[in-house]
Amino acid sequence: MSATGLTALSSSVPVRPASLPCPAASLTAFRIMCDHYVEVKVQLEQMKSLGEDAEKQGVDTEQVPVSSVSPDPSSITLAGRDASNTSITCKHRGKSHSKSGKDDKNLCGKHISGVSVSTHVGKNLNRLEHEQTLHIKGTGRILQGKSETNGNYVTIHPSKNIQETRREDGYNLARKRKPVTVDSSKAKTSLEALKLSIKQLKWKEFPLGRRTACDIYWHGVSFHDNEHIVSGQVNKFPGMIEMLRKINLSRAVRTMQELFPEEYDFYPRSWILPEEFQQFSTQICMVKENDATVNPTFIVKPDGGSQGDGIYLIRDPSDLKLMAGSQAKQAVVQEYIQKPLLVDKLKFDIRLYVLIKSLEPLEIYIAKEGLTRFCTEPYQEPCQKNLSHVFMHLTNYSLNVHSGNFVHSDSQNTGSKRTLSSVLYRLAAKGVDIKKVWSDIIALVIKTVIAVVPELKVYYQADIPPGKPGPTCFQILGFDILLMKNLKPVLLEVNSNPSMRIEHEQEVAPGVFGYVPSPVDEEVKVGVIRDTLRLMDPRHRKPSISSQLRAGGFEHGEAIPVEGETRERNPDEGGALPSLCLKPVYPKYTKQFNYLRLAERIAALFIRFLGVKGNMRLGPTAFRTFIRTCKLSNSNFTMASVDILYIDITRRWSGAVPDSREAGMGLQAFVEAFFYLAGRRFKSLVLREQVVSLLELCEAQLEAQLGIEDRRSLSCSRALPRAIKTQTLSLNPLLSSPAPLRRAASQDYRLHQRLNPRTLRANVEN
Ligand code: ADP
């Protein structure tokens with residue numbers, strides 16, 4: 001690794017530094033921010049054409065039509081709720097260490113989600129004050145006030161609540177349709193927010209479960225919280241917890257980094273411990289030898305850890321607290337981002353809520369409002385002396401709440417936890433291009449989801465095999481993102497169970513900790529849950545492709561519904577509820593990101609050859625079948641070589657994944673084998689081209705095979721069960737598409753390719 005390798009992340013987006021004074025005073029800043037509301041596009045040039053659908057979907061009722069994909073940074077300081085109204089549930093402190101219980105408990109500032117701004121600026125642009133109107137999305141409130149142009153803050157005074165009345169009217173329109181039923185018996189810590197959401201939607205809650213099926217099942221931890229669901233929708237995907245553990249996420253992103261190094265430079269360079277300790281050591285030594293002035297810092301994170309538990313910083317591989325043998329702890333050691341963006345001299349990170357509405361077709365939504373969590377000790381770049389200062393380096397609430405400096409604030413833009421919009425507002429006021437920041441964040445989210453989807457699909461087919469009755473799934477994820485000083489967003493981790501608590505923990509008497517209602521949590525989280533439910537409303541959904549397949553599937557040549565052409569565009573037909581606080585980003589931006597979905601096509605092949613339902617690993621025979629069917633062996637690459645390849649890769653991966661119960665080749669190992677095969681076959685190309693070429697070859701062979709099967713089935717009186725025939729179609733739309741379409745998809749990829757040398761991953765005889 002070169003020194004540039006280590007600093008790659010810091011040489012990114014050229015943006016105006018946050019610290020620069022705003023050249024045209026805050027009026028300009030405010031206009032920048034208003035621009036942001038009008039439309040934030042992902043700043044890839046191609047995105048221009050795609051904006052329209054989402055605008056329609058926004059169903060916004062603001063005075064000025066605003067916001068396509070942006071959060072609403074004008075969610076500014078609002079008169080908070082009276083703290084004396086809060087009730088207190090006491091309990092003694094007991095910290096949960098489980099990942100699933102990972103918590104944002106501390107929200108103390110007030111939060112209003114999704115505020116949009118219309119500004120009435122007088123003719124004289126130099127006026128120091130101007131009137132503005134704010135409509136708080138998700139609450140229906142309208143506020144009016146004046147912005148002060150000489151500072152960072154805007155003071156807003158609540159005004160007549162017009163939208164509220166409208167909402168009430170909407171509620172009064174009796175819904176004649178049957179209410180949607182929600183089983184909340186497993187909701188755990190998200191129960192309170194869920195209850196409020198169900199109430200707002202006038203749906204029917206079953207807090208103790210129900211003998212007959214419900215439309216929606218809300219689980220607090222995992223898909224498996226309730227094992228006997230055969231229909232409806234569950235708010236967790238099977239395998240999501242496993243996929244988002246630190247090691248698995250790092251592996252998934254690394255695969256993408258090999259294929260698309262520049263597109264995936266938002267994830268810090270990481271090594272998996274203990275297995276990659278040697279590489280880590282050697283690479284760091286080389287970097288230091290090459291350039292004595294380079295003195296990187298690394299952060300070590302235990303694999304299953306959360307809330308900052310067990311995390312520490314090091315400056316040298318010899319400082320790693322490695323233990324030998326069975327004591328060896330699985331962890332990720334990662335390049336430490338030394339120059340984060342600071343606000344009030346403090347490091348902070350962003351918690352963003354993301355909904356994966358469906359895997360097939362892939363549908364992603366991002367919440368317009370998020371949270372920011374602040375450190376409690378002024379930041380200094382890491383040096384030997386301050387390495388152990390957790391209040392300076394780690395933004396976790398669970399740690400910082402124990403610092404004497406932690407500020408429980410009723411305001412959204414002060415204190416140790418603030419709304420994302422309030423921070424973006426501060427940045428906009430300083431002249432930062434927050435459109436760019438936000439579009440980079442959207443790109444980061446989409447790319448990360450694309451990285452984890454292949455393995456998720458493997459889990460999905462194992463738990464809910466096509467052709468068997470089962471529920472469909474959706475899930476809210478919590479993305480933790482750090483902004484670098486140059487405003488480039490960096491992915492820290494993704495939480496499969498972000499806290500949906502709407503209370504925060506507070507010391508209510510000396511030594512006694514209690515849960516106190518948190519209006520900020522309520523605003524953000526109830527909005528996210530309620531709008532997730534609205535999007536999942538079964539009365540508004542066309543059957544998904546997968547459920548259609550389950551019910552019989554598409555025939556060859558039958559048109560697949562256009563993505564996004566579903567009635568959820570306007571989930572609240574009566575207009576009774578506020579506009580959605582979740583914005584669609586995928587498939588909206590398919591054109592910009594589809595070329596990245598190569599690993600998914602490899603996963604489709606893998607699943608095709610898994611065969612027996614419930615399997616997650618490929619046996620040696622299935623691997624041979626794959627090679628034969630795709631005609632990948634020849635006199636230079638015999639079936640004996642195939643067996644050696646299988647054994648070599650599988651053995652190494654079974655060591656790398658110690659908790660693997662099943663024997664055989666998992667998806668990650670298969671991807672490695674696939675890269676190797678691609679490299680052998682298409683030597684002159686770079687890795688991405690090699691992989692695309694091999695994929696095309698395999699898919700063409702399978703298509704030919706399907707053609708033969710079709711002809712056979714026509715000539716037989718009994719055809720294969722349709723569900724089996726169509727299994728591959730559901731997992732890889734490319735396989736179901738005619739050859740010209742597939743070629744177009746590959747060309748789409750070629751437009752984005754860059755030349756890069758590749759390294760051989762498998763040490764197998766040629
Ligand atoms: P946990 O799941 O235990 O919270 P995280 O990966 O979120 O683990 O890390 C905890 C905190 O450490 C983050 O909130 C962030 O403040 C800090 N952190 C994590 N990774 C990095 C990094 N690569 N560079 C700088 N700070 C980091």
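Counting restarts for each chain: residues are numbered from 1 in the order of the written sequence. The predicted origin of the model limits local features to residues at a pLDDT of at least 70 and limits the giving and counting of side-chain atom pairs to 80 or more, whereas totals for whole chains, interfaces and linings rest on all residues. As a rule here, side-chain values come from all non-hydrogen atoms in the structure, and water together with hydrogens is ignored.

The name an unreviewed UniProt entry gives the protein is Tubulin tyrosine ligase-like family, member 11, with Monopterus albus as the organism.

1. Description of the overall build of the protein
Segments assigned H or I by DSSP are reported as helices when at least four residues long, segments assigned E as strands when at least two residues long, and all are numbered from the N terminus. Across its full length, the protein holds 24 helices and 24 strands. Between buried and exposed lies partly exposed: a residue is buried under 20% and exposed over 50% of the maximum accessible area for its type, with that area taken using a 1.4 Å probe on protein chains only. Among the 766 residues that make up the protein, the fraction classed as buried is 57%. In the protein, 74% of the contacts between residues at least 6 apart in sequence involve partners at least 24 apart. Exposure was quantified through the Shrake-Rupley algorithm and a 1.4 Å probe, taking into account, for residues, occlusion by the shown protein chains and nothing else. With an accessible surface of roughly 31600 Å², the protein has 54% of that area assigned to carbon and sulfur atoms. Residue contacts follow a heavy-atom distance rule, with two residues in contact if any of their heavy atoms lie within 4.5 Å.

2. A closer look at helix 11 (residues 420-429)
For helix 11, the tally of buried residues reaches 10 of 10 residues, placing the bulk of the element in the interior. For helix 11, every residue scored as buried is listed here: L420, S421, S422, V423, L424, Y425, R426, L427, A428 and A429. Looking at the residues trailing helix 11, positive phi occurs at G431, about 95°.

3. Re helix 5 (residues 191-201)
Burial in helix 5 covers these residues: A193, L194, S197, I198 and L201. Around the axis of helix 5, the buried residues are gathered within 135° of arc, so they sit on the same side. In the core, the buried residues of helix 5 are packed alongside strand 6 (181-186), strand 7 (204-206), strand 8 (216-219) and helix 13 (519-536). Phi turns positive, to about 60°, at K202, one or two residues after helix 5. The arc in question is traced by the directions running from the helix axis to the C-beta atoms.

4. So, the nonpolar core
Definition of nonpolar core: a set of buried residues of the types Ala, Val, Leu, Ile, Met, Phe, Trp, Tyr and Cys, connected through side-chain atoms within 4.5 Å. One finds F479, F623, F626, F670, F674 and V691 to be the most contacted residues of the largest nonpolar core, which totals 115 residues. Examining the composition of this core, we find that 19 residues originate from one element, helix 12 (residues 434-463), more than from any other. Residue contributions to this core reach at least three from each of two domains, namely domain 1 (240-268 + 337-539 + 579-586) and domain 2 (597-707). What F623 contacts, discounting residues up to four positions off in sequence, is L618, V642, L645, Y646, M665, F670 and A673. The next biggest cluster of nonpolar side chains, apart from the first, holds 31 residues, and it includes L194, I198, W218 and V520. Boundary definitions for the domains trace back to an automatic or database domain assignment.

5. Topic: the confidence of the model for the protein
Residue-level confidence of the predictor is what pLDDT reports, using numbers from 0 through 100. Confidence along the protein averages 73 in pLDDT terms, with 63% of residues attaining 70 or more. Low confidence marks residues 1-175, where pLDDT is under 50. Its contacts with residues over four positions away, or in another chain, come to 467 contacts. Contacts of residues 717-766 to residues separated by more than four positions or lying in other chains number 105 contacts, the stretch itself having pLDDT below 50.

6. Remarks on the pattern of salt bridges
The term salt bridge refers to a side-chain nitrogen of Lys or Arg lying within 4 Å of a carboxyl oxygen of Asp or Glu. The final tally for this structure, using the stated rule, is 27 salt bridges. The salt bridge involving K525 is made with D521; its shortest N-O contact spans 2.6 Å. A residue pair is termed a helical-turn pair when its members lie 3 or 4 positions apart in one helix, as K525 and D521 do in helix 13 at 4 residues. Note on D521: relative accessible area 0%, which makes it buried. Through salt bridges with shared partners, one network takes in D349, R351, R373 and D480.

7. Describing the side chain of D349
Structurally, D349 can be placed in strand 15 (residues 346-358). As used in this structure description, the phrase polar contact means that two N or O atoms lie within 3.5 Å; if the pair is within protein, one of them must be able to donate a hydrogen and the other to accept it, and residues adjacent in sequence are counted only when both atoms belong to side chains. Of note is the side chain of D349, whose polar atom sits 2.9 Å from the side chain of R373. Reaching out from D349, the side chain makes a polar contact with the side chain of T395 at a distance of 3.2 Å. Those residues in contact with D349 that sit more than four places away from it in its chain are L371, T372, R373, T395, D480, I481, L482 and L492.

8. Focus: the packing of helix 7 (residues 246-259) against helix 19 (residues 667-681)
Two quantities define a packed helix pair, namely the angle between the axes and the distance from one axis to the other. An axis is simply a line fitted to the C-alpha atoms; with a helix, the fit covers only the stretch in contact. Between two such axes, the angle follows the N-to-C directions and lies from 0 to 180 degrees. The geometry of helix 7 relative to helix 19 is characterised by a closest axis approach of 12 Å and an angle of 15° between their N-to-C directions. Taken together, helix 7 and helix 19 sit at an angle that is classed as roughly parallel. Seen along the crossing, helix 7 lies across helix 19 with a hand that is left-handed. Contact with helix 7, carried on its side by N248, R251, T255, E258 and L259, involves Q668, V671 and F675 of helix 19 and no other residues of that element. Any residue that is not Ala, Val, Leu, Ile, Met, Phe, Trp, Tyr, Cys, Pro, Asp, Glu, Lys or Arg is counted as polar, Gly included; the first ten are nonpolar and the last four charged. Taken together, the residues of the contact of helix 7 with helix 19 sort by class into 3 nonpolar, 3 polar and 2 charged. Should an angle fall under 35 degrees it is taken as roughly parallel, and over 145 as roughly antiparallel, whereas 65 to 115 is taken as roughly perpendicular and any remaining angle as oblique. Handedness of a helix crossing follows the sense of rotation of the near helix relative to the far helix, less than a right angle counterclockwise being left-handed and clockwise being right-handed.

9. Some remarks on the environment of E263
With respect to the element layout, E263 can be found in the loop between helix 7 and strand 10 (270-273). Residue class for E263 comes out buried when judged on its relative accessible area of 6%. In the structure, E263 is positioned 330 residues away from F593 in sequence and 9.9 Å away in space, judged by C-alpha atoms. There is a polar contact of 2.9 Å between the side chain of E263 and the side chain of Y595.

10. Quick look at the packing of helix 7 against helix 12
Where helix 7 meets helix 12, the closest approach of the two axes is 9 Å, and the angle between their N-to-C directions is 105°. It follows that helix 7 is roughly perpendicular to helix 12 by the angle criterion. Between helix 7, through L249, A252, V253 and M256, and helix 12, the contact on the second element is made entirely by T448, I450, A451 and V452. Per-class residue counts for the contact of helix 7 with helix 12 are 7 nonpolar, 1 polar and no charged.

11. Topic: the sheet that holds strand 7
The strand order across the open sheet built from 5 strands is 7-6-8-9-19, with neighbouring strands paired in parallel fashion. Here the strands that pair on one side only, and so sit at the sheet edges, are strand 7 and strand 19 (472-473). Two elements, strand 8 and strand 9 (residues 233-234), share 2 bridges in a ladder whose sense is parallel. The partner of Y217 across the bridge, within strand 9, is V234. Packing of helix 13 onto the sheet brings it into contact with strand 8 and strand 9, and relative to strand 8 it is tilted by some 150°. Criterion used throughout: strands pair if DSSP finds at least two bridges between them.

12. Focus on the pairing of strand 6
As judged from the 3 bridges shared by strand 6 and strand 7, these two strands associate in the parallel manner. Looking at strand 7, one finds that T181 is bridged to K204. Crossovers are marked right-handed if the path from the first strand over the helix to the second runs clockwise, as seen with the strands pointing away from the viewer. As a crossover connection, the stretch from strand 6 through helix 5 into strand 7 is right-handed. Relative to strand 8, strand 6 runs parallel, the two sharing 3 bridges. Looking at strand 8, one finds that K186 is bridged to H219.

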